[in-house]
Amino acid sequence: MLAQGSVQTRGALWASGLPSLLLCSLWQVGEGPGLQPQVAADTFSLPSALLYKPIDRVTRSTLVLHDLLKHTPADHPDYPLLQDALRISQNFLSSINEDIDPRRTAVTTPKGETRQLVKDGFLVELSEGSRKLRHVFLFTDVLLCAKLKKTAVGKHQQYDCKWYVPLADLVFPSLEESEHCPQVHVIPDHELEDMKMKISTIKSEMQKEKANKGQSRAIERLKKKMFENEFWLLLNSPAIPFRIHNRNGKSYLFLLSSDYERSEWREAIQRLQKKDLQAFVLSSVELQVLTGSCFKLRTVHNIPVTSNKDDDESPGLYGFLHVIVHSAKGFKQSANLYCTLEVDSFGYFVSKAKTRVFRDTTEPQWNEEFEIELEGSQSLRILCYEKCYDKTKLNKDNNEIVDKIMGKGQIQLDPQAVQTKNWHMDVIEMNGIKVEFSMKFTSRDMSLKRTPSKKQTGVFGVKISVVTKRERSKVPYIVRQCIEEVEKRGIEEVGIYRISGVATDIQALKAVFDANNKDILVMLSDMDINAIAGTLKLYFRELPEPLLTDRLYPAFMEGIALSDPAAKENCMMHLLRSLPDPNLITFLFLLEHLKRVAEKEPINKMSLHNLATVFGPTLLRPSEGESKAHLTLASDIWSHDVMAQVQVLLYYLQHPPISFTELKRNTLYFSTDV
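Definitions and cut-offs
- Residues numbered from 1 in each chain as written.
- Predicted model: local features only at pLDDT ≥ 70, side-chain atom pairs only at ≥ 80, totals over all residues.
- Heavy atoms only, no water.
- Helix = DSSP H or I, 4+ residues; strand = E, 2+ residues; numbered from the N terminus.
- Buried < 20%, exposed > 50% of the residue type's maximum accessible area, 1.4 Å probe, protein only.
- Areas by Shrake-Rupley, 256 points an atom, 1.4 Å probe, with all protein chains shown as cover.
- Axes fitted to C-alpha atoms, helices over the stretch in contact; angles between N-to-C directions.
- Parallel < 35°, antiparallel > 145°, perpendicular 65-115°, else oblique.
- Contact = heavy atoms within 4.5 Å.
- Nonpolar A, V, L, I, M, F, W, Y, C, P; charged D, E, K, R; others polar.
- Salt bridge = Lys/Arg side-chain N within 4 Å of Asp/Glu carboxyl O.
- Patch = residues over 30% accessible without salt bridge, like charges linked within 9 Å, V, L, I, M, F, W, Y side chains within 5 Å.
- Lys, Arg positive; Asp, Glu negative; His and termini not counted.
- Charge placed at Lys NZ, Arg CZ, Asp CG, Glu CD.
- Core = buried A, V, L, I, M, F, W, Y, C linked by side-chain atoms within 4.5 Å.
- Phe/Tyr/Trp six-rings, centres within 6.5 Å; stacked < 30°, edge-to-face > 60°.
- Lys NZ or Arg CZ within 6 Å of the ring centre and 35° of its normal.

The name that an unreviewed UniProt entry assigns to the chain is Active breakpoint cluster region-related protein, with the source organism given as Cyanistes caeruleus.

Caption draft 1: Representation of the overall build of the chain in the model. When you go through the chain residue by residue, the secondary structure sums to 25 helices and 17 strands. Taking all 674 residues of the chain together, 49% fall into the buried category. For the chain, the accessible area works out to roughly 34,400 Å², and carbon and sulfur atoms hold 52% of it.

Caption draft 2: Structural detail: the packing of helix α13 (residues 477–489) against helix α19 (residues 581–599). Running from amino to carboxyl end, α13 crosses α19 at an angle of 10 degrees, the nearest separation of the two axes being 11 Å. When the interaxial angle is binned, α13 and α19 end up roughly parallel. Residues V479, R480, I483, V486 and E487 of α13 touch α19, and the partners they reach there are T586, F589, L590, H593 and R596. For the contact of α13 with α19, a count of residues per class yields five nonpolar, two polar and three charged.

Caption draft 3: Focus on the pattern of salt bridges. Considering all chains together, one arrives at 16 salt bridges under this definition. Note that D141 and R115 form a salt bridge whose closest N and O atoms lie 2.8 Å from each other. With D141 in the loop between β3 (130–139) and β4 (142–148) and R115 in strand β2 (residues 114–127), this residue pair connects regions lying 26 residues apart in the sequence. Each member of the pair D141 and R115 is classed as buried. Note that K408 is salt-bridged to E267, the shortest N-O span being 2.8 Å.

Caption draft 4: Layout of a positive patch on the surface. Taken together, the side chains of K132, K147, K150 and K162 make up a positively charged region of the molecular surface. Position of K162 among the secondary structure elements: in strand β5 (residues 159–166).

Caption draft 5: Spatial organisation of the nonpolar core. With 70 residues, the main nonpolar core has Y497, Y539, F540, F556, L576, F587 and Y652 as its most contacted residues. Listed in part, the 29 residues of the second largest apolar core include A353, F370, C384 and M430.

Caption draft 6: Here's a closer look at the packing of aromatic side chains. By the definition in use, this model includes 14 aromatic pairs. Arranged with centres 5.1 Å apart and planes meeting at 10 degrees, the rings of Y338 and Y385 form a pair that is stacked. Taken together, the residues Y338 in strand β10 (residues 335–345) and Y385 in strand β14 (residues 379–386) connect sequence positions 47 residues apart. You'll find Y338 and Y385 in the same group, each marked buried. Every member of this aromatic cluster is reached through a ring pair, and the members are W163, F172, F242, Y252 and F254. Positioned over the ring face of F295 is R298, at 4.1 Å from the centre of the ring.

Caption draft 7: Structural detail: the side chain of N530. With respect to the element layout, N530 can be found in helix α16 (residues 529–541). Those residues in contact with N530, other than ones at most four positions away along the chain, are E493, I496, I499, S500 and G501.

Below, the structure written as C-alpha cells:
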C-alpha cells in the first residue's frame, strides 16, 4: 500500500499528466478516520483501473450532493455553494460519458478484433409504411438496428437484427435525395393531446389507489394500461426525419422528436467515420455474435416511458419554467444565429420556444424571455443554430430542419434548485460556445392564483365588466385589437397561439394597453404576431376570475360529463345564458375568431382541438379554494380537470354559430339558477 504522506509518489502522479480532479478523488478513496488508502502498488501498470475509482467516487459524491441539496433550506448560506458543486460534478460526469463511451462495452469478433459499443438507444423506424420501435446500436465500425425478441417468462432475452450498415458504406442523403424518400405521416396534434390526457387521468387514478391502499391487482392493471398508452405516444409523436443510406442500395428512415437527438446520432457516426474504415459483409456467425452481445452491452435498458420508472424516482416538474436567453459568445465568424429550447415530456423531448434570429454577429444579445409549460419534465436543452436563407435548401413540408446546429447543451431541472422565487443564472458550454441564460419555476398551484390589479385604470387584472363599462364597449378594446391583428397577418402563422411569444414583447404590449397609449396601433403593426397572440392569452389568464366564472365552474364540469346529447345541449346553452353579459359577448366574439383560425388548419396546423387545448384551461379553471380541496399532487392539476376544461371549449367550438340575441330570447323559458 502507498503511505498516506508519500509526497514523492504524489508528485510522480501529478507528473504523469493525469487530470487533477481525478487524482484528488483518487487520493481520497478510502481515506478517513481509521482507513488507509486503497490503491495497490501494482495498479500503476493498469491506467484504466487507476482511473475507475476516482470516477466512481465522483459519481457517489454527486449523489451525496444531490441529497444534501434536497435537505438544505434554500435560504441557507451553503445552498448556492452546494448548487455550484452539484452542477460541476454533473458536468464532469457528462464529459466523461461523452469522451469514454467505449469503456466496458467491447465485443471480440471471431477474427479476434475488438468492436466497441459507442452509443445505443430506442428510435422509431418507419418500415413498410408503419412505425416500429427499434433498439439501435452504434459500434466503432457498424450501425445495427434490432428489436427485442418475444421470449417466454424466465428465458434469456435476445435481440433480433433487422438490418446493419457498415459505417464505411453509410451516408446521410442530401435534401434533393430526401425528396424521393417516403413522406412522413404526421399524427394530428389533437390525437396526441387526447392520449396525454388519458395518461394523466390514469396517473391520477393510480395515485388514488395507492393513497387508499387499493388492491395491487388494480394498480398493476392501471400500470399496464398506462404503459400501453405511453408506448403509443412514444411511437406516434416523433416527426423529425433522420435518414440513413447504404451506398450499396437501401435507405432507412427513423423519426425523432428532437433535433438535439438527431444531431447526437449524426455527430457520433461522423466522428467514427473520420477513422480509416473498411467496407465489409458480416457472415451469419459474425452477425449472430454481434447481435448476441447487444443484450449485455446495451446502456439503455428500458423504453423511455414514465411507467418504467421506480416509485422513488422524481416525477419531474409540473408547472411553468420561465427562461431568459441572454447572449452567446465563442463563435469564430459572424453568422445569423438563434436558439431553440427543448424539454422532455411524457418520455420524449419536444421543442418549446425559439429566439429571434440575430443577424451577422459573433456575439448575439437576445435577452428574450419565454414561458414553457412543463409536464413531468426533468431536463432543459438549448440548441444554437445558424439560420439558412438559401431557398434552394428549404424543404416544403416534411419537417426537415435545414439550419446548421452550431452547438447544443443540456441541464437537469433539479426541483430543489429551480423552485425559488428568484431568477437562477447559468451558462451552458457547447463546442466552445457559451450560452448565458436565466430561469425560474412556477408550480401549477401557484399559476392558478389570479391577483386582481390594485390599479383600476388599466385592463390587465381588472374585472371585464369594469373595463367594458369604462370603455363603453361590449368587448374589451384589447381583445378586439389583438384578434383583428391576428386575423390580418397571423391567421396562417404555423402554431399561432401555441408558439410562445417573446415575454419582453408581451410585457411591453401589456404596459401599452394598461396605459391606453395612443401608439398602440403602431406598436401592434410592428410587433411579432406570436407576441400579440401571447398578449391576448395573458389578458384572459390575468382576469381576476376566469371568463366563464368561478361560480359556474362546477356546473360546466357536470354539464360536459352528461351522456345524453339533448340534456347536454340544454345544460351547456343554459350555462352560457347564466354568464354576465360582458363575459358572454366576449366569449362568443373569441369563439368565432378561433373558428376562423381553425379554418386555416392545413396551413397553420391549429385545429379546433389544438385551440381548445390552448385556451380551455385559461377561460375555465377551478378557484383556488376548490383546487386546494381536491388536489393532492402537483401533477394532478393537469390530469384532474384539464381534460374537461378542453372538452367544454371544444363543445362550443364544434357547435353551430351561437347568437347572443337567440340565447337571451330563450332566457325567458329557463330558470337562471345554477
